Amino acid sequence: MEPPPPMMDWTLRTVLLTVSLLGAAAGAAGAFVLLRRRALLGDVMSHAALPGVAIAFIVTASLGLTRSLPALALGAALTALAGAWCVSWIRRQTRLRDDAAMGIVLGCFYGLGVALLGIVQSLPTGQQAGLTHLLLGHVASMTSSDLWSVLAGASVVLILTLALFKEWRLLCFDEPFAQAIGRPTRRLDAMLMVALGLVIVVGMQAAGLLVVVALLITPAAAARACTVRTGSMVAIASAIGALSGAGGALLSASAPDLPAGALCVLVACAAFLVALVVGPAEGVLWRALRRWRLEARVRREHLLRAMWELSSPCERPATTPAALLRRTPVALATLLQRRSWSGPRLRALIGREARRGYIQWTATRDAVTLTEAGSAQARSLERIHRLWEEYLTRRADIAPTHVDRDADIIEHVLGPELVQQLERDLDRRGGGATA
Amino acid sequence: MPVRPFIPEIDGWIIAVGALAGAACAIPGAWLLVRGRVMAGDAVTHAVLPGIAGAFLAFQSRDPLLMLAGAAVSGVACLLLAVVLERTLRVDRGAALGVAFTAFFAIGLVMIVQGADRVDLDPSCVLYGALELTPIDVVTISVPGLDSFTVPRAVPILLVALVVCGLVSWILFKELRLSAFDPGFAAAIGARPLVVDLLLAALVAMVSVAAFESVGSILVVALLAALPAGARMLTSRLGPMLLLGPALAVVASIVGHLAAIAVPPLASDALGDTSSAGSIAVVAGLLFLACALIGPERGIVLRVLRERRLRERIAREELLALLWRSQERGLPVQRVAVREHFQQMAVGRRVMMAAINALARSGLVDARDEQRILLTTEGSREASRVIRSHRLWESYLTEQASLRPDHVHATASRLEHVTGDALAAQLASETNATIDPHGHQIPQDEARG
Amino acid sequence: MPLIHATPATLPGAEHSSDAAICIHDLTVAYDGRPVLWDIDLDFPTGSVCGIVGPNGAGKSTLLKAILGQVATTSGRVLVHGASFDTQRRMVAYVPQRESVDWEFPVRAVDVVAMGAYPRIGWFRGVSRAVIDEARAVLDRVGMADLAMRQIGRLSGGQQQRVFLARALMQRAQVYLLDEPLASVDASTEQVILGVLAELKREGRTIIAVHHDLATASQNFDWCVLLNMRVIAAGATAHTLTEENVARTYGGRLTILSEAAEALRQAASRGVA
């Protein structure tokens, strides 16, 4: 690629900085809105900003003033906040749910905006041209004044996030509790809406409605898939927002016939998909992998334990521990009846364990034998199985929920003393682990 | 500018198109409402863009039917994507919709910009249809054996959409209701809630596409959300709700369009008429508000009245109890003390005065004295009932629920006002106390001697 | 001393008795890589009232969902009267836990009950007058005839539970799966539910109910599974739940409080009583 002319470079830098800042602020605010289960509120508020612009225009025009950007922005922010308030009012007063309240507010406020713009068009001032374009900026046509307004708005939002992090987290997690311990939940919610409104107003002017809505929702959703902690979720959402903004701007600079705003959205979306697939907390890949591993483990344990239970020591009585590990062969037909597995699957399982050296086919290939290593493995599985059984039986009143009952770590979960106790109980009851 | 005259052959058609669009939207909107998926309407209106652009780029034609088909396909695809993200990948419902539709819209924008050198497509002409222009875009329909009619093209399209929605809702009423009400049970009895989900997504996409071509996407969102919600405020049954939504649509269209013609010129001489679609959306919102205010059972006005009546009754009973307790201690009650007591309970002066006056009117208290308030004999009987209920509750809560005596007063104060005769009798049978935990006598039930 | 005696429930799978209403063999279910049910082998005998008892998080509801094919299983199979659930769907009725429903939904009690008849009616056909009449009759059976036209959210918790039981009755099934049918219901509802279950048993149907309370299990069920991720004991109640396991009950005393809470709720929604 040819080196860009210096002017381009400067524009690109402005755009990069602005969109990244916007993305960072939107990510942070969006994370809390998502945690409050109102992810689409940003969408609602950005549509609700339209009547504010029209009203501000009508008011300034009827006062005989010229069109001023701050006045329009103020109007937009005010009706956006009014929209957010209406959503919560409808929810409180009517028992309709959030989605219905948001749909009503979005449609009707935007409709009001369209109707008011219709009135604006017939005003005799002649300044109305491009009014909606003022509201809906484009990433490509960004100016340094956009940079300053985004810088100011984003700083306020990020400072608010840092200052109110603890309170907002509580508000999102358990509003009634926050209320009960005397936190001003209404005011905290209002602060969150103000942050959201700020992002929306500065962002819409700089980058357009689509970019703001997407940057409010998508990075937060991506971050949600990455972590289970609020702090890191907000940080990650912020980072993904900034990176998507920067990525979109850079991509569109390298391919000039691609719209920068849409690219920001698509980069954020790609980040979301990546997070969804490989996100450490909820990643689809890890979930599938965990599930697959568990299935394999369960099948393997079933096989080894079944072999252990169906076989007996070769020499009787088995006097030494080593003698106990030399087992009689088990017929394939017997094994097949033992569990709900099909013939081919059982053969595959046996094949895998044979490669590991735990199982051997007999010469006739209609029966299998545990090797000594396999016997040792099976015996230990059987012991752990019995210990868990003993634990769950004796402590039927408590279920160790949310504990990964990975058989190998029973000592870690229950503690060595309890395990010893359980083993003593098992021995006393004659159901010893080596039975 | 004076209000322009009503032109039946233009304004009549505009109202008809608006009403048809509203009616067609209100039906799938109602299903979205009861499923908690209203914002799907907003998502669809954005998500159609790649479908429109794709149809246009693929066929190089502006045939509206092709574009509508493309729009419907990408609308359904977006809703499906959102459902998959939500159901199988556990993404928050709103976020799933938001991610899906912004991505679809962005893809649509890229397609349009990429294709811009080859074709000239302005998405706004599809996305922001003008209701005012519908009477100009006409088609002629000839019915064999009858005359041929010239109607706005939007009318037959919306009519078909409305009929399809109505028929599907009628024929599959029970499946749609079941999978919305209890998807788990629907799955258990083999009613395939996912198929029903897909069907509803298709309905929403079809209606949105049919409607925003003539009335604009934003009106679609408003109609999908506000009309069914208004109907929901009026009834707590699904069938009537499905019929009331379209009825509200007719009202919204008439009032909305007339307001668009009349209100701006009336407000200022300098103004002409404004966007009918926007105005109808606003009226739909106001209709919802009105329904929410006046609705039976759930109406805000009714609820506020009920709450006030309950507050007043509690104030009356509190006053009786206060007087009775003072009498028990042999003290007359000064008005000042009453005022202080109610201030502690955070009851306003107006409610307190209303309580005193109401009790005085029904002869339960004697409030003729400037300084004091006295219980009459009848009032004394009524008060002893309240006190009895309160003290029985206190005893019950200490004895049976093992609460500490100093903790039961507040709970008993809440319960005493809602204790009917039957509950009081049951309460008395479960507590044999004659003395409450604070050592006061529990008054006997005078009705039973 | 062990609270419950483990029985060797995991015997070779071939010996499943043919008269079992539900055979569960070798079932393992995991959520997100963590087992919730481990190696379950169970035969629920036909024509009995079976309780699934166990602590919170023991996998009781998951077991019901596994029977209904609503959770993915890691291993194992479930047979309903000798065939897979998919082919025997009509033989099974299900009463979910009450929390899973949107109570603001615009639907009346009688409509909910009629939903039980949907599989019989089939797709595309409406609910006939006869079905509505039958639904009313079933509502009468659970003592709710006069509340048939009430919106579902305006019923008390116990009444809602009865509506869902009535819906299951409408299914005319052979096997009834109930998830916590007696959790936080009032005394009269408990009476009604137990009465209906006894009737079903007399008709030779099988009832399988998740039950939270060890103390009352022995009175309500004649066959019990003690479940804590795996089957701890299963069999006739007298053998699985011994006398000393029956803890002192406190349920009866708290019923009046729940009635008071209901009265508060009513007052708030109706104003003056």
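Looking only at helices and strands, chain A features 18 helices and 3 strands. Split into buried and exposed, the 435 residues of chain A put 53% on the buried side. Carbon and sulfur atoms provide 63% of the accessible area of chain A, an area that totals close to 19200 Å².

Below, the discussion takes up the packing of aromatic side chains. In this description, a pair of aromatic rings is defined by centroid distance and the angle of the planes. Tallied over the full model, the rule gives 9 aromatic pairs over all chains. When the ring of Trp-103 of chain C is compared with that of Phe-164 of chain C, the centres are 5.9 Å apart and the planes differ by 85°; the resulting orientation is edge-to-face. Placement of Trp-103 of chain C in the loop between strand E6 (92–95) and helix H3 (109–114) and of Phe-164 of chain C in helix H6 (residues 157–170) is noted, with a sequence separation of 61 residues between them. We classify Phe-164 of chain C as buried; its relative accessible area is 2%. Centre to centre, the rings of Trp-123 of chain C and Phe-124 of chain C are 6.2 Å apart; their planes meet at 50°, and the pair counts as tilted. On the basis of relative accessible area, Trp-123 of chain C is assigned to the partly exposed category, the value being 33%. A residue is classified by how much of its surface remains accessible, and Phe-124 of chain C, at 54% relative accessible area, is exposed. Grouping aromatic residues by their ring pairs yields a cluster made of Phe-181 of chain B together with Trp-103, Phe-105 and Phe-164 of chain C. Positioned above the aromatic ring of Trp-308 of chain A is the side chain of Arg-327 of chain A, whose terminal nitrogen or guanidinium carbon lies 3.8 Å from the ring centre. Above the ring of Trp-361 of chain A, the side-chain terminus of Arg-365 of chain A is found at 4.6 Å from the ring centroid.

What follows covers the environment of Leu-171 of chain A. Following the sequence through the fold, Leu-171 of chain A ends up in helix H6 (residues 144–173). Considered as a pair, Leu-171 of chain A and Arg-36 of chain A are 135 residues apart in the sequence and their alpha carbons are 7.9 Å apart.

Let us now look at the pairing of strand E7 (residues 175–179) of chain C. Residue and element names in this part refer to chain C. Within E7, 5 of the 5 residues are buried, leaving the element largely enclosed by the surrounding structure. Here E7 shows two buried faces, one formed by Val-175, Leu-177 and Asp-179 and the other by Tyr-176 and Leu-178. For E6 and E7, the ladder comprises 4 bridges, and the chain directions are parallel. What sits directly across from Tyr-94, in E7, is Leu-177. Across 5 bridges, the pairing between E7 and strand E8 (residues 206–211) is parallel. Note on E8: the bridge partner recorded for Val-175 is Thr-206. With helix H7 (residues 187–202) bridging E7 and the parallel E8, this β-α-β connection has right-handed handedness.

A few words now on the pattern of salt bridges. One pass over the full model with this rule turns up 41 salt bridges over all chains. Arg-303 of chain B serves as the salt-bridge partner of Glu-307 of chain B, at 3.7 Å between the closest nitrogen and oxygen. Here Glu-307 of chain B and its partner Arg-303 of chain B are both found in helix H14 (residues 300–328), 4 residues apart, which amounts to about one turn of the helix. Residue class for Glu-307 of chain B comes out partly exposed when judged on its relative accessible area of 40%. Arg-303 of chain B gets classed as partly exposed once you look at its relative accessible area, which sits at 23%. Between Arg-141 of chain C and Glu-199 of chain C there is a salt bridge, with its nearest N and O atoms 3.1 Å apart.

With that settled, the discussion passes to the sheet that holds strand E10 (residues 230–236) of chain C. All names here are of chain C. Taken in spatial order, the 6 strands of this open sheet run E6-E7-E8-E3-E9-E10, and their pairing is mixed. A strand with exactly one partner marks an edge of an open sheet, and here the two such strands are E6 and E10. Between one strand and the next, the sheet's axes are offset by a mean angle of 15°, whatever the strand orientation. Each of E6 and E7 touches H6; the most contacted strand, E6, lies at about 170° to it.

Residue and element names in this part refer to chain A. One open sheet holds the 3 strands; their spatial order is E1-E3-E2, and the pairing between them is antiparallel. Whereas interior strands pair on both sides, the edge strands pair on one side only; in this sheet they are strand E1 (330–331) and strand E2 (359–361). For E2 and strand E3 (residues 367–370), the ladder comprises 3 bridges, and the chain directions are antiparallel. Looking at the pairing, Ile-359 lines up with Leu-370 of E3. Sheet strands touched by helix H15 (residues 343–356): E2 and E3. Its angle to E2, the strand with the most contacts, is close to 115°.

Residues and elements named next belong to chain B. It is at 9 Å that the axes of H14 and helix H16 (residues 349–361) come closest, and there the two elements cross at 65°. On the basis of the axis angle, H14 is roughly perpendicular to H16. Handedness of the crossing formed by H14 with H16: right-handed. Contacts between H14 and H16 involve Arg-308, Glu-312, Ala-315, Arg-316, Leu-319 and Leu-320 on the former and, on the latter, Arg-350, Val-351, Ala-355, Ile-356, Ala-358 and Leu-359. Class assignment of the residues belonging to the contact of H14 with H16 gives a composition of 8 nonpolar, no polar and 4 charged.

Across the contact, 57 residues belong to chain B and 50 residues belong to chain A. Looking only at chain B, the three residues that lose the most surface to chain A are Met-39, Val-99 and Ile-218 of chain B, adding up to 13% of its buried area. When the shortest N-O distance is used, the salt bridge between Asp-92 of chain B and Arg-37 of chain A registers 3.4 Å. Our count for the contact surface shared by chain B and chain A stands at 8 residue pairs in polar contact (both at pLDDT 80 or more). Among the elements that take part in the side of chain B that touches chain A, helix H5 (residues 93–115) of chain B stands out by supplying 15 residues, more than any other. Of the residues that constitute the side of chain B that touches chain A, the class distribution is 36 nonpolar, 13 polar and 8 charged.

A common way to express how large an interface is: the accessible area buried when the components associate. If you look at the interface, chain B gives 44 residues, while chain C gives 44 residues. When chain B packs against chain C, the two sides together hide about 4000 Å² of surface, and 64% of this comes from carbon and sulfur. For the chain B face of the interface with chain C, the top three residues by lost area are Lys-174, Phe-181 and Phe-185 of chain B, together amounting to 20%. At the surface where chain B touches chain C, the tally comes to 2 salt bridges. Its salt-bridge partner being Arg-167 of chain C, residue Asp-182 of chain B comes within 2.9 Å of it at the nearest N-O pair. The tally of links from chain B across to chain C stands at 9 residue pairs in polar contact (both at pLDDT 80 or more).

Our focus in this paragraph is the pairing of E3 of chain A. Residue and element names in this part refer to chain A. Residues Ala-367 and Thr-369 point to one face of E3 and Val-368 and Leu-370 to the other, with burial holding for every one of them. Inspection of the sheet shows E1 paired to E3 by 2 bridges, in the antiparallel sense. Note on E3: the bridge partner recorded for Ala-331 is Ala-367. Here E2 folds back onto E3 in antiparallel fashion, the turn holding 5 residues, of which Arg-365 has a positive phi close to 60°.

With that settled, consider helix H2 (residues 41–62) of chain A. All names here are of chain A. With 22 residues, H2 ought to run about 32 Å at 1.5 Å a step, and its terminal C-alpha atoms sit 32 Å apart, in line with that. Most of H2 sits inside the fold, with 18 of its 22 residues counted as buried. Immediately beyond the C-terminal end of H2, within one or two residues, lies Gly-64, with a positive phi of roughly 80°.

The rules we used
- Residues numbered from 1 in each chain as written.
- Chains lettered and ligands numbered in written order.
- Predicted model: local features only at pLDDT ≥ 70, side-chain atom pairs only at ≥ 80, totals over all residues.
- Heavy atoms only, no water.
- Helix = DSSP H or I, 4+ residues; strand = E, 2+ residues; numbered from the N terminus.
- Buried < 20%, exposed > 50% of the residue type's maximum accessible area, 1.4 Å probe, protein only.
- Areas by Shrake-Rupley, 256 points an atom, 1.4 Å probe, with all protein chains shown as cover.
- Phe/Tyr/Trp six-rings, centres within 6.5 Å; stacked < 30°, edge-to-face > 60°.
- Lys NZ or Arg CZ within 6 Å of the ring centre and 35° of its normal.
- Pairing = 2+ DSSP bridges.
- Right-handed = clockwise from strand over helix to strand, strands pointing away.
- Salt bridge = Lys/Arg side-chain N within 4 Å of Asp/Glu carboxyl O.
- Axes fitted to C-alpha atoms, helices over the stretch in contact; angles between N-to-C directions.
- Contact = heavy atoms within 4.5 Å.
- Parallel < 35°, antiparallel > 145°, perpendicular 65-115°, else oblique.
- Left-handed = near helix turned anticlockwise from the far one by under 90°.
- Nonpolar A, V, L, I, M, F, W, Y, C, P; charged D, E, K, R; others polar.
- Buried area = accessible area lost by both parts, 1.4 Å probe.
- Polar contact = N/O pair within 3.5 Å; in protein donor to acceptor, adjacent residues only side chain to side chain.
- Expected span 1.5 Å × (residues − 1).

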